[in-house]
Structures are given as C-alpha cells and as structure tokens.
Amino acid sequence: MTDILFLAWRYLAHNRVKTAVLVGSIMLIVYLPVALRVLVTQSATELTARAEATPLLVGAKGSPLELALSSLYFSADTPELTTHAQATRIADTGYATAIPLYVRFTARTQPIVGTTLDYFDFRSLRLAEGRTIAMLGECVLGSRAAEKLEAGVGDSVVSSPESVFDIAGVYPLKMHVVGVLEPTFTADDEAVFVDLKTTWIIQGLVHGHQDLAAPEAAPGVLAREGDRIIANASVVQYTEITPDNIDTFHFHGSVDDYPISAVIAVPHDLRSGTILMGRYEAPDEPMQILKPTTVIDELLGTIFTVQNFVVAGMLLVGIAALATASLVFILSLRLRKREIETMARIGGSRLRVAGVLVTEIAVVIGMSVALAGVLTVLTARFAPAVVRVLLLQ
Amino acid sequence: MTEGRSTMRHLLCALLILSIVIIGCGSKETADPQAVDQPPTDRLVVATVNYPLAYFADRLGGDLVEVVFPAPAGEDPVFWSPDTETIAEYQAADLILLNGAGYAKWVERTTLPASKMVDTSAAFADRYLEIEGTVTHSHGPEGEHEHQGWAFTTWLDPTLAIEHARAVAAALADALPDAPQAEIAERLAGLEADLTTLDERYAAAAQTIGDEPLLFSHPVYQYFIARYGLDGHQVHWEPDVEPDGTAWAELGHHLDHHDAAWMIWEGEPLDSTTVALAERGITSIVFDPCGNRPTEGSWLAVMQTNATHLERVAESIAAES
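What comes next is a walk through the structure. (Residues numbered from 1 in each chain as written. Chains lettered and ligands numbered in written order. Predicted model: local features only at pLDDT ≥ 70, side-chain atom pairs only at ≥ 80, totals over all residues. Heavy atoms only, no water.)

## Considerations on empty space enclosed by the protein
Residue and element names in this part refer to chain A. One pass over the full model with this rule turns up two cavities of 30 Å³ or more. Considering the residues around the largest cavity, the lining is formed by Tyr11, Leu12, Lys18, Phe329, Ser332, Arg336, Glu360, Ile361 and Val364. If you list the elements that add at least two residues to the lining of the largest cavity, you get helix H1 (2-14), helix H9 (292-335) and helix H11 (350-392). Per-element accounting of the lining of the largest cavity gives the leading share, three residues, to H11. By residue class, the composition of the lining of the largest cavity is five nonpolar, one polar and three charged. In this structure, the second largest cavity spans a volume of roughly 30 Å³. (1 Å grid on protein atoms, 1.4 Å probe; cavity = no way out; pocket = protein on both sides within 12 Å on 5 of 7 lines; lining within 4 Å. Points joined across faces, edges and corners; volume = space filled by probe spheres on them. Helix = DSSP H or I, 4+ residues; strand = E, 2+ residues; numbered from the N terminus. Nonpolar A, V, L, I, M, F, W, Y, C, P; charged D, E, K, R; others polar.)

Next up, the structure:
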C-alpha cells in the first residue's frame, strides 16, 4: 500500500503545476457555496441580533423597512417624521419605556443620532473615555465615528448642511465631544450621539440669540410694539453652545410638537407589549408599530432567495468544472499510456496500476477538500468581523 | 523515496499547525470597563429641582429613599444652573422629580434620562397661571413667536401642593414596587392632612383680610393670591437690596390706586427698607416661598410660620375694623 501511495505522490509532486491547478479548482468548487452560506448566515445573525434586541418600533406610517433600517442601523433615507408627542403617548400608557430617536442629520459621513440617555442604558453602551452628554451641544462618539472624524474628548465636530444648495438654511452647529464609546461592532459605533434637543438646534427649531430687549440688539430690531419685538434676520444666532450663551437657548411651543423619526418602545413585559401593539390597530391610526424582527426576517427571506439562486449557479459551474477535471484525468490516462505499460512490464499487476491512478485522484480530491475545509473554518472564524465591517460600510 | 516521505510529513505538519492556530485564535473577553450608568444603591435615589419636592419625597419615602437636592444654600433653585458634576448626580438618580410650569429652566438645557423624570404638576397643567408681560418677538424665516412663561411657585397654593405630593407618592410607588405601599399611602395621608390644615389657616386669614390691598415684594405669589382671592399687587424688590429712587417712584405710583398697608416679603427686608416703608404707612411681614432649604426647620414649618404671619395681618386688620 505504501508503494502505491508513494508512486501516486511522486507523480503528483512531479507534475506540480497540473496538481496545483486541479487542487485549486476542486477546492474552489467545494469552498465557494459553503463560504457563501457561512457569510450569509452570519450576516443574518448580525442583522437579526440587532433587531431582536429592539422589541418594538413606532413611527409614522410609511415604509416599515425604512423605519427599521433608519432606527436600527442609522442607514437608509429618513423615514416619515412624527412628533415627540408619540414618545409621550407611549410613556403615558405605562406599558413601555419610550426612547425617541431623531436620525436625520450627519456630521460629514457619520449619522447624528438624537436620543435620550435611556438609549445608552438600553443598548448597554459603555464609555471608553470621557463622560456622557450632559448639556445642549455636547456629543458622544461611537468608536468608528471617532476614528473617521478624527476627533476625541475635548475636540469638536460640526453638523453638515442637509443640502449644499440650502443657502437659507440654518448654520451648522459646532458640537463638543465629551465622550467616546467602546466598540460594540454595531451601528452604534458609527454614530454621533447627541441629546434630542441638540438635533432640534441643528434644525433651527430651538435656538439661542441675542436678547432682543438688550441695547446690543438694537440694530437688528425693526419695531417694538409694547411686548412685541420684530427683528430682522441679522439678529445673531449662536452656532456653538457655550456656558456664556446656553441660557439664551429656548424652545417655542410644546416639546411634544417637535419632530422625531421613531420611538423605540421597550415593553415592561410580554403582555404590555401585546396591549401596546393593539393600541395601533385602529384603521385611522396615523402611526405604525412594528417588531423589527418581522421586518428584518422579510429582508433576510429576500436575501436567502437570492442566495439560493447564486448557490444553484455555483453548483452548475461546479458540475461543469468537475466534468472538465474528469476530462483532464481521462486525457491524462491516454498521455500516460506508455508509463502504464512500463509499470505492467516491470511486474505491476493491473490492480496495482489502477490503485496508483485512483490514489492520485483521491489525493487531489482529499487535498482540495482539506484546503476547502481549512478555508471554511477560517471564514467561519473571521466571518463575524468581516460581516460587521461589510454591514457598517 | 526518503525525500518524498519528508515532503508529505512537512505538509501534514503545516496543516496541523494551521488547524491549531485557527482553533487557538479565539476572541478574548474584554475587561469590564466603567459603565455609563452608575451602580445601584440600596435606597432609591430621588433627585429634585427644589426644596418643596425634596421635603415631600423625604417625608413620603422615609427610609426607602435618599433625597438629593444639590442646589447651594442661598441660591434660588429656579434660576440656578448646575455644573456638569451636579448634572451627573441627577443623571445617576433613580428618580428625578420636576416641579413643572417651567421651573428650573436648566432642565431644558441639559440631558437627563427621560424615563426617570416625573413632572409632578402635569396633572394640573391646565391650572398654570401665565406670567404677565410675555415678550413676543419675530425674526428670520420662522416668523413671530412668544417666549411664554408660567408662574412656577405652584406649591404656595396648598391644594396644588397636595397634587404635587400625590404625584411624588405615585412616582415612589412605581419606582418601589416591592416596598410596602400602605406605608407610602399612610405618609401621604399625613402630609395631605397637614397641607389641608395649612390651607384652612391661610383661607381663614385671607377671609379676614378680605379685599384689603396687599403688596408683594416679588412676582412669585400668583398661585397664593389666586387661591385666596387676595387683592395683591406684586412688585420686584429684593429683600437684601436697598430700593432705589425708581423703585420708590414706582411704588408711589402703585399706591395711588392700590392703597396697601402691608407688604409681604420673600425674606427679611433690610431695616432701612422696613423703616422707609413704615414711614409710608406700610408694615412689612415675611412669607417665605421656601424654594430652597431653609436655615432651620422644614418646609412645612416655614409654611406654618408664614400662616402665623398672615394671621397677624388678619388680626391687625380685624382690630382696625
């Protein structure tokens, strides 16, 4: 048996290039469908994990997928906006903790996520350095946001205008970085977290400006009629919140009328969640409530369907490649006719000669499968990191 | 033949080592760093924005709660602004009691956990009184808007103070589901009884005072005046500041159509002011709103002293008539 193995090995070693091509081809035929399945499964796990960790989402009626992707991954277009009254509505039911989100603005490429401190507890976000947000105009950066914006505690980041053509829009807000979060390998790493009220400042709904009753503001005042002061647009509005001007920042009207993009509802128990969902069943209800897992499962269903087509295609290619490999082996036998005859003449029985040839094929297939196995293990090992990076791009 | 076997052995070894490396390179658990939230304490930590709420929380919660009211002595909590360390204290609390009615504007400008905040006047928001002299202004594309303001010293009406106390009790009961609820209810009943007695004393004194004109040194008595139907006029004097000529002139103007013989102060006025007022036939008394912790006694004790002072006014008016 050793001599058969030796002869087969020597043949393969002598024809290194041919062997390498065969091993590489068969290895890819085995590895690619398996690796694709591993990566897709891992992607599904990552997507589902974030969705499973978010019990319920409430937002204005519109695309459920947009609402879920915007609220979970801070990607996709901003969904239909609603008002803060919806967060109050959920909190007032007593069935769930309401965590409002306003995901609309960016600081360069990074999403600015306006929320409350409850979000940090909800997602178990931990500070790598600094402290959490305490005042208007402060922000906490996710780990990758800090890298991409090249900012740390003590630095500043500036909100980006929604449109370069929005010349009548509000000025960008300079925000102070007071903390950087530890990596979580989720969308939170990409975010610039601010207080909900800071996003309203970015939008220009909450603002600070000169005291119009003060003499310094006189050039900007058009008219005074009793308690009514009319000023022109030259009134200085602050684009950075400092201890000196923070007291001038003010709201107009009720906070409940201010915009948000979604509310994460965290029910106190299963029953509370069911009752809460029932509250949004009315046909004239302008809001939608959804379980993110349902939306993500639908999305994954589509991904898996596409994956099945890809795998089927790969299998067809694989069959063609195997047929080609078989052809290579058959042609190889013809080319080796004299070699086979020589082996017979020096005393090799037909069985032993056939053994050598079969062993050569077995070694090639064995090496291909072993290599594919090693690559699959490597893929499975590093898939979470790869998928997280890919998903966060 | 030996060379071939050696090559095979090398290949097998390489595969074995590769397998060991793959299996061995597992991710290491990171050390548990400092969490954003603070470690829990045994007692419920309740932070408040003023002293009346601190008093209610302390009285209703007893040993179950640790009340945090960090405004420095001598500061008016309504205009005080905490620094970031103090804000962190509020953030770390289990429950944050707000007065509502726009009290403590700093809350709007800071980041506090929404799920822990309780507006203790939300139940009677429709009874807020608007501050006179609201400024309306307009500028830029958003057009005209008002800086509307509510009177915020709600607790000076004991019936509203009872509403505050009920909201505090409900918040404590929610936050302490395993605590003996009957105990909290019993304490609430005791506090409500004290506040009702206070209301009766105020009401009796106010009935005697009737429509006798009164001056109030500061615009913080709106709810008190409204509750008891007093003929009160509020000026804007500080007890520790000597009124200037303009202030006296304005007072004279007020007295022309509001002939008050009593001026009710937030704190003890300067002797010189008391004398100057007395020369104009105005007697000074103190009715402390007690928004911050008093130097001695409790909030209820201060309110009872206020009642005593008001009763003196009533007795004096009754004697004169």
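Continuing now.
## Observations concerning the pattern of salt bridges
Scanning the entire structure with this criterion turns up 16 salt bridges over all chains. Salt bridges here are not isolated pairs; linked through shared partners, they connect Arg144, Lys148 and Glu190 of chain A. (Salt bridge = Lys/Arg side-chain N within 4 Å of Asp/Glu carboxyl O.)

## A few points about the packing of aromatic side chains
Residue and element names in this part refer to chain B. Evaluation of the coordinates by the stated rule reveals 25 aromatic pairs over all chains. Aromatic side chains Tyr90 and Trp106 sit 4.9 Å apart centroid to centroid with 55° between the ring planes, which places their arrangement in the tilted category. Residue Tyr90 is found in helix H3 (residues 84-92), and its partner Trp106 is found in the loop between strand E3 (95-98) and strand E4 (117-119); the two are separated by 16 residues along the sequence. Within the aromatic cluster, the residues linked to one another by ring pairs are Tyr202, Phe216, Tyr221, Phe224, Tyr228 and Phe287. (Phe/Tyr/Trp six-rings, centres within 6.5 Å; stacked < 30°, edge-to-face > 60°.)

## A word on the pairing of strand E4 (residues 110-115) of chain A
Residue and element names in this part refer to chain A. Taken across its six residues, E4 has six buried, putting it largely inside the fold. The side-chain alternation of E4 yields two buried faces, one formed by Gln110, Ile112 and Gly114 and the other by Pro111, Val113 and Thr115. The pairing of strand E3 (residues 96-107) with E4 spans four bridges and is antiparallel. Bridge pairing in E4 places Thr106 opposite Pro111. Of the pairings in the sheet, the one linking E4 to strand E9 (residues 192-195) comprises four bridges and is parallel in character. For Val113, the partnering residue across the bridge sits in E9 and is Phe193. (Buried < 20%, exposed > 50% of the residue type's maximum accessible area, 1.4 Å probe, protein only. Pairing = 2+ DSSP bridges.)

## Structural notes on the nonpolar core
Judged by nonpolar contacts, the single largest core of 122 residues is most densely connected at Val192 of chain A together with Phe56 and Trp299 of chain B. In this structure Phe56 of chain B touches Gly61, Ala161, His164, Ala165, Val168, Leu191 and Trp299 of chain B, once residues within four positions along its chain are discounted. Residues Leu47, Ala51, Leu117 and Val178 of chain A belong to the second largest nonpolar core, which totals 32 residues. (Core = buried A, V, L, I, M, F, W, Y, C linked by side-chain atoms within 4.5 Å. Contact = heavy atoms within 4.5 Å.)

## A few points about the pairing of strand E8 (residues 174-181) of chain A
Residues and elements named next belong to chain A. The buried fraction of E8 amounts to six of the eight residues, a majority that puts the element mostly inside the structure. Sheet topology note: the strand E5 (residues 127-130)/E8 ladder contains three bridges and is antiparallel. Its bridge partner lying in E8, Leu127 is registered against Leu181. Pairing geometry for strand E7 (residues 156-158) and E8, over three bridges, is antiparallel. If you follow Ser156 over to E8, its bridge partner there is His176.

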